[in-house]
Amino acid sequence: MSEEVIELPPDDLPEEEIAERDTFDCEEQDTVNSPLLDFFLGGGLSAGGRQRTARIQQGEIDRDNPVVVDGKLYGQDFDEIKASCLGSGELFTDPEFPADNDSIYFSKQAWGIEWKRPHELVEEPHLFVGGGDRFDINQGELGDCWLLAAMANLTMNKKVRSRVIPLDQSFSEEYAGIFHFKFWQYGEWVDVVIDDFLPTRNGKLVFIQSDAQEEFWSALFEKAYAKLHGSYESLKGGTTMEAMVDFTGGCTEMFDLANKAPPPGLFTILLKAFERCSLMGCSLEPDPNVLEARTSVGLVRGHAYSITKVVKAKIETPRVSGEIPLIRIRNPWGNETEWNGAWSDGSPEWNYVPDDEKMQLGINFEHDGEFWMSYKDFVKYFDQMELCNLSPDSLDMDNNFKWEVATFEGSWRPGDTAGGCRNYLDTFANNPQYLISLEDPDEGDDEEKCTVIINLMQRGRRAMRDEGLDLLTIGFCVYNLKGEPQGRLDTDFFRYNASCARSKAFINLREVCARFKLPPGNYVIVPSTFKPDQEGDFLLRVFSEKANHGAVME
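Residues numbered from 1 in each chain as written. Predicted model: local features only at pLDDT ≥ 70, side-chain atom pairs only at ≥ 80, totals over all residues. Heavy atoms only, no water.

> An account of the overall build of the protein chain is requested, with residue identities and associated values reported.
Secondary structure assignment for the protein chain yields 13 helices and 27 strands. The buried share of the protein chain, taken over its 554 residues, is 56%. Once local pairs closer than 6 in sequence are excluded, the contacts in the protein chain between residues at least 24 apart make up 78%. Carbon together with sulfur atoms contributes 46% to the accessible area of the protein chain, which is approximately 23,600 Å² in total. (Helix = DSSP H or I, 4+ residues; strand = E, 2+ residues; numbered from the N terminus. Buried < 20%, exposed > 50% of the residue type's maximum accessible area, 1.4 Å probe, protein only. Contact = heavy atoms within 4.5 Å. Areas by Shrake-Rupley, 256 points an atom, 1.4 Å probe, with all protein chains shown as cover.)

> Could you give an account of the packing of aromatic side chains, naming the residues involved and the relevant values?
For the structure shown, the criterion picks out 34 aromatic pairs. Pairing Tyr305 with Phe382 gives two aromatic rings, centres 5.5 Å apart and planes at 80 degrees, and the pair type is edge-to-face. Within this pair, whereas Tyr305 is found in strand β14 (residues 304–316), its partner Phe382 is found in the loop between α11 (375–381) and β17 (384–389), the two being separated by 77 residues in sequence. On the numbers, 6.0 Å between centres and 75 degrees between planes, the contact of Trp350 with Trp372 is edge-to-face. One end of the pair, Trp350, is in the loop between β15 (321–330) and α10 (355–361); the other, Trp372, is in strand β16 (residues 370–374), and 22 residues separate them in sequence. Residue Trp350 is classed as buried on the basis of its relative accessible area of 2%. Each residue in the set Phe128, Phe181, Phe183, Trp217, Phe221, Tyr225 and Phe247 is aromatic and connected to the rest through ring pairs, giving one cluster. Positioned above the aromatic ring of Phe128 is the side chain of Arg161, whose terminal nitrogen or guanidinium carbon lies 5.0 Å from the ring centre. Between the NZ or CZ atom of Arg276 and the centre of the ring of Trp403, over which it lies, the distance is 4.7 Å. (Phe/Tyr/Trp six-rings, centres within 6.5 Å; stacked < 30°, edge-to-face > 60°. Lys NZ or Arg CZ within 6 Å of the ring centre and 35° of its normal.)

> Outline the pattern of salt bridges, supporting the account with residue identities and numerical values.
Between side chains of opposite charge, a pair can form as their charged atoms come close. All chains considered together, the criterion is met by 20 salt bridges. For the salt bridge of Arg328 with Glu370, the shortest nitrogen-to-oxygen distance reads 3.3 Å. Linking Arg328 in strand β15 with Glu370 in strand β16, this pair joins segments that are 42 residues apart in sequence. Comparing Arg328 with Glu370, the two get one shared label, buried. In this structure, Asp355 engages Lys358 in a salt bridge whose closest nitrogen and oxygen atoms are separated by 3.6 Å. Residue Asp355 and its partner Lys358 are both found in helix α10; the two are separated by three residues, about one turn of the helix. (Salt bridge = Lys/Arg side-chain N within 4 Å of Asp/Glu carboxyl O.)

> Describe the packing of helix α5 (residues 145–154) against helix α7 (residues 217–229), with residues and values.
Running from N to C, α5 and α7 cross one another at 120 degrees; their axes reach a closest spacing of 12 Å. In this view, α5 runs oblique relative to α7, as classed from their interaxial angle. Of the two possible hands of crossing, α5 and α7 adopt the one that is right-handed. Residues Trp146, Leu147, Met151 and Leu154 of α5 form the contact with α7, whose participating residues are Trp217, Ser218, Phe221, Glu222 and Tyr225. Counted by class, the contact of α5 with α7 contains seven nonpolar, one polar and one charged residues. (Axes fitted to C-alpha atoms, helices over the stretch in contact; angles between N-to-C directions. Parallel < 35°, antiparallel > 145°, perpendicular 65-115°, else oblique. Left-handed = near helix turned anticlockwise from the far one by under 90°. Nonpolar A, V, L, I, M, F, W, Y, C, P; charged D, E, K, R; others polar.)

> Outline unusual backbone geometry, supporting the account with residue identities and numerical values.
Despite not being glycine, Cys277 shows a phi value in the positive range, around 60 degrees. Mapped onto the fold, Cys277 is located in the loop between α9 (266–275) and β13 (279–283). Judged by relative accessible area, which is 30%, Cys277 ranks as partly exposed.

> Hey, could you go over the confidence of the model for the protein chain for me, with residue numbers and the actual values?
Mean pLDDT over the protein chain works out to 84, with 87% of the residues at or above the 70 mark. When pLDDT is averaged over each element of the protein chain, helix α4 (residues 78–88) comes out on top at 97 and helix α2 (residues 35–41) at the bottom at 38. Note that residues 31–47 has pLDDT below 50 and, in this model, 58 contacts with residues that lie over four places away or in other chains. Here residues 461–469 is a poorly scored stretch, pLDDT under 50, and it has 52 contacts once near neighbours within four places are set aside; other chains count. (pLDDT = per-residue confidence, 0-100.)

> A description of the pairing of strand β19 (residues 434–438) should follow, citing residues and the corresponding values.
For β19, the tally of buried residues reaches five of five residues, placing the bulk of the element in the interior. Going residue by residue along β19, you find Tyr434, Ile436 and Leu438 tucked away on one face and Leu435 and Ser437 tucked away on the opposite face as well. Here five bridges tie β19 to strand β27 (residues 548–552), and the two strands are oriented antiparallel to one another. In the strand pairing of β27, Leu435 is matched with Ala551. (Pairing = 2+ DSSP bridges.)

Shown next, in the form of structure tokens:
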């Protein structure tokens, strides 16, 4: 991902050049023979809930039967189950995700594991102790640091956290051994019910755990996310970006830093993202020979970090005073494994920062896994950055920095609205078309342009491996309207007018996303499948810094 600055194409391009410019490539990922990729593309690594799997095997239902019913995974209703358990005086035991080996691993046996409820581990368990914060959670035996990085970001936004972790549950009031968590899946929030049996060994939690032994929100949260994907092992290896989408319903972007030539304006993107409470993560390319290999500068390869602050800090040296771009980063391990270069804990560079500025930044030099880096070193040492833009409903009313978002739901129907990409000119105009009007450029933008993030997600059921493997190959292109809109664009328009922006390629991922800087004006977005006559539903979202007025072209 990069921010593509768009210059509108000339009006007099020859038809042949337009056709050449708007010819799309197709990228097909192997979704069948790559179990890890199944997870990224929207399929977990299990056949589904146990009762559902048994019914499929017995021929009672087919694999197309939804695993989400009325916004609830497997149709399990938290309030109904809780009331039933309280009435019977029995603690909930989840038949869909039971306390057995298959809920932990799908490829091997789990040795020495005992499933215990929190009351069996401590005298007085709590969901939160002193309020959840980003230092509460630490990684267990599972390789899911990417999930911890997203969880650490989640705890920094109370409004987002309270939606994902409902507050109508505790270990003291109406305790029935049942908890629930909400995750965003393909445009809808899905409620996931679990019992509170947790994997332990020698009386200690095996996987994610909080610093305080009496606090269990993180362990229960991880269990619910594991249930959503079929098993704990399904969470071994992943991307912070995927988790951040599932926790927020936001729009994600990935920035490649590996060539050490960051996209122009990246620090401004980071700074504005922090102002908008965006969730951010970063990582180094893994060492193929060593799992989570530690480097000489204290960073760990193949390890997911969360970005917790972005600032321009005041600095005063004997010769000059000014500002320096700094980034605060957290290692989910929460220990002394930290960056040891410039601006690390206790480094001499901090002597040039005034005391009041250090206080405002919240500087401490504890071995807590959190550290500061200069922006220059950040892009030098990290290879990838992930950013999740939150929609306005995820932010508090008093937050002055919010994206403006236009959202459209649509469908591709064979013989009607499934026209394929611009390669198929004769049917391309049949696709759904959406008008976006950009009136005001970004605040302080020297080029007088408007930042726009276009996110196209195909809708589907992600919950288990037997769902969602048939992902369509999707993409979009954007056309500038010279005058006022006069209704749907026809084939002649697309024959004689080149697109001004487009997705990089058509690909069979659950979503494609691109960031552009466009001149103010009217634009038509055409989302499509690569080939005509492919059926599917989609969600199109357009994020912009200033208001964008969206409408369906009819």
